[in-house]
Amino acid sequence: MLRMEEDKDLFVGQNIKVLDHLFSLSILLLISDNPCKVQVEPSELKNPLKESEEFTAKCSTFSSCLKYPEWFVHTSGQKEEWLSSSLTDVIIENEEENDRKVTKIKFNVTWKDDKRILSCRPAQAQDIFQIRNITLSVEYAPRETTAKGSSEYVKEGDSVTLSCESRGRPDVTFSWFKKDNIEQSQQMSDFKLNNVKPEDSGEYYCGAKNKHGAMTSNTIIIDVKYGPKGVTVKHLFSVEDLKEGDALILKCSINDSNPLVKKFEWYNNYKMSQQTSDTLTISNVTADDGGSYYCQADNVDPLTHRSAPPSLSATDSAKPHPPCHIHPPPDSGRGAIRSAASPPLVLERKSSHSHLCTP
């Protein structure tokens, strides 16, 4: 028998101390069944739905409940609200069935319904634990197939990665294509081009497919930039009998360049001429005009590296006299995709007193 003494040893709040043990007062918890608990049929999808297939689900509760259950369709980008009446693309029906109040939802699924969650709750219930969910699974052909490039500006020698994205169920497989090229390039979502060359320029697109269909992406245009190629000096008129007082016209010829050459520089024996067009004109040549001539072509662009001094390797000269000594032009220090210089053209033509280029 428990002998009650002073409070300090007997009661601590609502706890009873017996010897060295502490016991709480017991609480009787009575749990009754929720009178309006809902049940969803089907509770889960055993097989994926097909696009455009009609889907029907039932949410029911006891007939003793005053109101029918409510459906909720999770739709991104729209205001969330529990459905209790018919919509344009979703049919909501209320009916009595086997002593239960049933709310039926019916609609034709689309590819956007894949992974969509449908929820049902007792009417106006605020307890989230009373909600029952079902997740849709819809098979569909590829959708939203898009291609992206890692860079919009591509120089010769760069690496470029093209990426393809697409939605589909079952999962899609990817292929890459170059326009006007019959063979497919690669069967991966990412397509990488290493050390690109001018011939890699073109239009690329990807394709996505699964058992339900295929879809191609937008087009990615790769325009490989490169410096001037095949730079040479040509004389528009014969220089075989060029004498003092004659006119000299030289042309700086370019085989190819991307972008187009924007600037020309002319050099005569290390000295840069004031003329900057593709044609060098000397209307009245003198002995001081003799020597080696070459041009430098720049397709100037601020996004690229500084141009390097040109390398000269060939001459076009008259044989009786050796050419004048030639130096490479100074580095301009301006950015260019590439600058290229022509081999020198050596002039050593006779006058009545001297050659245009003296040894």
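Criteria and cut-off values
- Residues numbered from 1 in each chain as written.
- Predicted model: local features only at pLDDT ≥ 70, side-chain atom pairs only at ≥ 80, totals over all residues.
- Heavy atoms only, no water.
- Phe/Tyr/Trp six-rings, centres within 6.5 Å; stacked < 30°, edge-to-face > 60°.
- Helix = DSSP H or I, 4+ residues; strand = E, 2+ residues; numbered from the N terminus.
- Buried < 20%, exposed > 50% of the residue type's maximum accessible area, 1.4 Å probe, protein only.
- Lys NZ or Arg CZ within 6 Å of the ring centre and 35° of its normal.
- Salt bridge = Lys/Arg side-chain N within 4 Å of Asp/Glu carboxyl O.
- Disulfide = S-S within 2.5 Å.
- Pairing = 2+ DSSP bridges.
- pLDDT = per-residue confidence, 0-100.
- Contact = heavy atoms within 4.5 Å.
- Core = buried A, V, L, I, M, F, W, Y, C linked by side-chain atoms within 4.5 Å.

## What to know about the packing of aromatic side chains
Item 1. For the structure shown, the criterion picks out six aromatic pairs.
Item 2. Relative to Tyr-294, the ring of Tyr-267 has its centre 5.4 Å away and its plane inclined at 20°; by these criteria the two rings are stacked. Here Tyr-267, found in strand S24 (residues 263-268), pairs with Tyr-294, found in strand S27 (residues 291-300); they are 27 residues apart in sequence, far enough to count as distant.
Item 3. Tyr-294 gets classed as buried once you look at its relative accessible area, which sits at 0%.
Item 4. What links up through ring pairs into an aromatic cluster is the set Trp-176, Phe-191 and Tyr-204.
Item 5. When the ring centre of Phe-62 is taken as origin, the NZ or CZ atom of Arg-100, which lies over that ring, is 5.0 Å away.

## Points about the pattern of salt bridges
A side chain with one charge may pair with a side chain of the opposite charge, provided their charged atoms come close.
Item 1. Under the criterion given, the structure shown has 15 salt bridges.
Item 2. Here Lys-101 ties to Glu-96 by a salt bridge, and the two come within 3.7 Å at their closest N and O atoms.
Item 3. Residue Glu-96 is classed as partly exposed on the basis of its relative accessible area, which comes to 48%.

## Details of the state of the cysteines
Item 1. Summed over the entire model, instances satisfying the criterion amount to four disulfides.
Item 2. Across a sulfur-sulfur distance of 2.0 Å, Cys-164 and Cys-206 are joined as a disulfide pair. Across the disulfide from Cys-164 to Cys-206, rotation about the S-S bond amounts to roughly 70°, and the bridge is consequently right-handed. Note that Cys-164 is positioned in strand S14 (residues 160-169) and Cys-206 in strand S17 (residues 202-210), a separation of 42 residues in sequence. Note on accessibility: Cys-164 and Cys-206 belong to one class, buried.
Item 3. Cys-252 shares a disulfide with Cys-295; S-S distance 2.0 Å.

## Observations concerning the sheet that holds strand S16 (residues 190-193)
Item 1. Overall, mixed pairing links the four strands, which are arranged S5-S12-S14-S16 in an open sheet. Looking at strand neighbours, the two that pair on one side only are strand S5 (49-50) and S16, the edges of this open sheet.

## A short note on unusual backbone geometry
Item 1. With an omega of 0°, the peptide bond running from Arg-169 to Pro-170 counts as cis.
Item 2. A cis amide bond links Asn-258 to the next residue, Pro-259, at an omega of 5°.
Item 3. On the secondary structure map, Pro-259 appears in the loop between strand S23 (256-258) and S24.
Item 4. For Asp-99, which is not a glycine, the phi torsion comes out positive at approximately 60°.
Item 5. Examined against the element boundaries, Asp-99 turns out to sit in the loop between strand S8 (91-96) and strand S9 (100-108).
Item 6. We classify Asp-99 as exposed; its relative accessible area is 66%.
Item 7. Phi is positive for Gln-124, close to 60°, though the residue is something other than glycine.
Item 8. In this structure, Gln-124 sits in the loop between strand S10 (117-121) and strand S11 (132-135).

## Quick look at the pairing of strand S26 (residues 279-282)
Item 1. Of the two faces of S26, only one is covered, namely that formed by Leu-280 and Ile-282; the face formed by Thr-279 and Thr-281 stays uncovered.
Item 2. Relative to S26, strand S22 (residues 248-253) runs antiparallel, the two being bridged by four bridges. Residue pairing across strands places Ile-249 opposite Thr-281, the latter belonging to S26.

## Some points on the confidence of the model for the protein chain
Item 1. Overall, the prediction assigns the protein chain a mean pLDDT of 76, with 72% of residues at 70 or greater.
Item 2. Every residue in residues 349-359 is under pLDDT 50, and counting partners more than four places away or in other chains gives 31 contacts.

## Description of the nonpolar core
Item 1. Among the nonpolar cores identified, the biggest contains 18 residues, and Phe-55, Trp-71, Ile-105, Phe-107, Val-109, Leu-118 and Leu-136 are the most heavily contacted of them.
Item 2. For this core, the secondary structure elements donating two or more residues are strand S6 (54-62), strand S7 (70-73), S9 and S10.
Item 3. Considering each element in turn, this core owes the most residues, three residues, to S6.
Item 4. Every residue in contact with Ile-105, bar those within four places of it in the chain, is listed here: Phe-55, Thr-56, Ala-57, Trp-71, Val-73, Val-90, Ile-91 and Ile-92.
Item 5. Counting 17 residues, the second largest nonpolar core, distinct from the first, contains Leu-162, Val-172, Phe-191 and Ala-208.

## Focus on the environment of Val-90
Item 1. Its location among the elements puts Val-90 in the loop between S7 and S8.
Item 2. Taking the C-alpha atoms as reference, Val-90 lies 5.0 Å from Phe-107; in sequence the two are 17 residues apart.

## Description of the environment of Ser-64
Item 1. Mapped onto the secondary structure, Ser-64 falls in the loop between S6 and S7.
Item 2. Look at Ser-64 and you get exposed, because its relative accessible area is 58%.

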